[in-house]
Amino acid sequence: MSYELELEQGLSQQLNQFQIQSLNILALDNYELEQFMQNEFAENPMLEHHPSDQPPISKANAGGWKERKEMPWKDEAAGNRKWMILDQLNPSDYTKEQWRIMEYLEECVDDTGILDISMEQVSRYLDVSREACEWCWKELKKLDPPGVFARDLRECLWIQLERSGRGNEHLRRILQDHLMDVADGRISDISRDLNITTAQVRKYIFTIQSLNPRPLWGYSEEKEDYIIPDILLVEEKDQWHVELNDSWMGDYAMNDYYLKMFHQIEDPELKAYFRRKYERCCFIFRSIEQRSETILKICQAVVRRQEAYFLKEGKLQPMTMKEVADEIQMHVSTVSRAVKGKYIQSRRGTTGLREVFQSAASFGSKENTTKDIKEKLLEIIREEDASRPYSDQKLSNLLEQAGIRISRRTVAKYRKEMGIKGTYERKISAGKTG
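Residues numbered from 1 in each chain as written. Predicted model: local features only at pLDDT ≥ 70, side-chain atom pairs only at ≥ 80, totals over all residues. Heavy atoms only, no water.

Per an unreviewed UniProt entry, the recorded name for the protein is RNA polymerase factor sigma-54, and the organism is Candidatus Anaerostipes avistercoris. What UniProt states about the protein under its Sequence similarities (unreviewed entry) heading is, verbatim, "Belongs to the sigma-54 factor family." (UniProt positions renumbered as here; feature names shortened; annotations may be inferred.)

(A) Up close: the overall build of the protein. Within the protein, the regular secondary structure consists of 20 helices and six strands. Burial status across the protein gives 44% buried among its 434 residues. Pairs at least 24 apart in sequence give 68% of the contacts found in the protein among residues at least 6 apart. When the accessible surface of the protein is split by element, carbon and sulfur atoms take 47% of a total near 25,100 Å². (Helix = DSSP H or I, 4+ residues; strand = E, 2+ residues; numbered from the N terminus. Buried < 20%, exposed > 50% of the residue type's maximum accessible area, 1.4 Å probe, protein only. Contact = heavy atoms within 4.5 Å. Areas by Shrake-Rupley, 256 points an atom, 1.4 Å probe, with all protein chains shown as cover.)

(B) Expanded view of the sheet that holds strand S2 (residues 231-236). With mixed pairing, the four strands of this open sheet are ordered in space as S3-S2-S5-S6. Each edge of the sheet is formed by a strand with only one pairing partner; in this case those strands are strand S3 (239-244) and strand S6 (349-352). Here the average twist between neighbouring strands, direction ignored, is 25 degrees. The strands touched by helix H13 (residues 268-305) are S2, S3 and strand S5 (343-346); relative to S3, the strand with the most contacts, the crossing angle is about 150 degrees. (Pairing = 2+ DSSP bridges. Axes fitted to C-alpha atoms, helices over the stretch in contact; angles between N-to-C directions.)

(C) View of the packing of helix H7 (residues 153-164) against helix H8 (residues 169-177). Where H7 contacts H8, the two axes come as close as 9 Å, and the packing angle between them is 165 degrees. With respect to H8, the axis of H7 lies roughly antiparallel. Of the two elements, H7 crosses H8, and the hand of that crossing is right-handed. Facing Arg154, Leu157, Trp158 and Leu161 of H7, the residues of H8 in contact are Leu171, Arg172, Leu175 and Gln176. Broken down by class, the residue content of the contact of H7 with H8 amounts to five nonpolar, one polar and two charged. (Parallel < 35°, antiparallel > 145°, perpendicular 65-115°, else oblique. Left-handed = near helix turned anticlockwise from the far one by under 90°. Nonpolar A, V, L, I, M, F, W, Y, C, P; charged D, E, K, R; others polar.)

(D) Representation of the packing of aromatic side chains within the structure. For the structure on display, the rule yields eight aromatic pairs. Between Tyr94 and Trp135, the ring centres sit 6.2 Å apart and the planes meet at 65 degrees, which makes this aromatic pair edge-to-face. Residue Tyr94 is found in the loop between helix H3 (82-85) and helix H4 (96-108), and its partner Trp135 is found in helix H6 (residues 130-140); the two are separated by 41 residues along the sequence. Pairwise contacts between aromatic rings join Tyr257, Tyr258, Tyr273 and Phe274 into one cluster. (Phe/Tyr/Trp six-rings, centres within 6.5 Å; stacked < 30°, edge-to-face > 60°.)

Below is the structure:
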């Protein structure tokens, strides 16, 4: 066997590190992008953040605090939570009075996990001693999820820090005295009061933002999916335009103080440090701007092709990523990355962008509208074994067998829109009626 060397001339393209990172940013949905920017904000002193007071526009934007009455009250949904909280305890470990107090405290917790009533109220209402109420309350605060049964947001967050071993005096002071400063991004005020660097304040803020201010949300047998649409299809005077749903993220910009320091400083090592941070900011801003332009360009092309579907409640037409990519002179892999995990909100609801890309073959002999899909989904659920109801993933698989390809999250979304309970709740309901 002989080996010979030959020279061939050709072209090859390799992505550098910055191009790869830019493509990764393109693939992020808005929520993931916000998490990415918060990480950058915590690490890069050249970056500053001005939070927005606008909530994210969401199909399932649940929230708000229940208005309390003067007397203790019972939450209508409390019965559905007993299996979730009190099942962590063994009733035989407590006296009848203690268990009665714990049951009542559990019923008074609001949907977020906060116990916004006093022990004096509970004591008077149940005709028991305040000391007994306090003891039971302390026992309940040891339960999962961390932060449940706290009296307010500050205590809720502090319990989570203590349970995770991350609590310290600086974090306690920030929660106690500077929670509004955290919300408004007033880092310098916190830094001066605690006599610590702004970089350390940023890390503490990042730690606080990683906590759960509503510990009971999503704490169930089946986790709720709250979809924040990335793109909004807005109609004005019979005209439509596409816009990004990112105003809730606030504004990120260069920090003027550190930018001035970068230009004036003479120390070579410090100069090099600030140059790296400055270049990182520039790269991120360019990548995000390019991401916005790419997503909007793709969505405009998609809506033009599917105008009847989005605006007139018509049928979804066959359309591939390759067709859209050719129309806007973009590589199909870029289109694929840009629509990954993204949702668009229009008059017909919130739709996954990937779901509107289907070849003609995937439609079969019938084009399935949302109404068609919901009717088929309802038919499958009605025929299921009530003692062993289907999960959303199983429902997605059964729909695919029927020629309808939608994701598990879309199944969950349609199910909730039709008022159909989740797997666990359907099983419990079947047990009660059986």
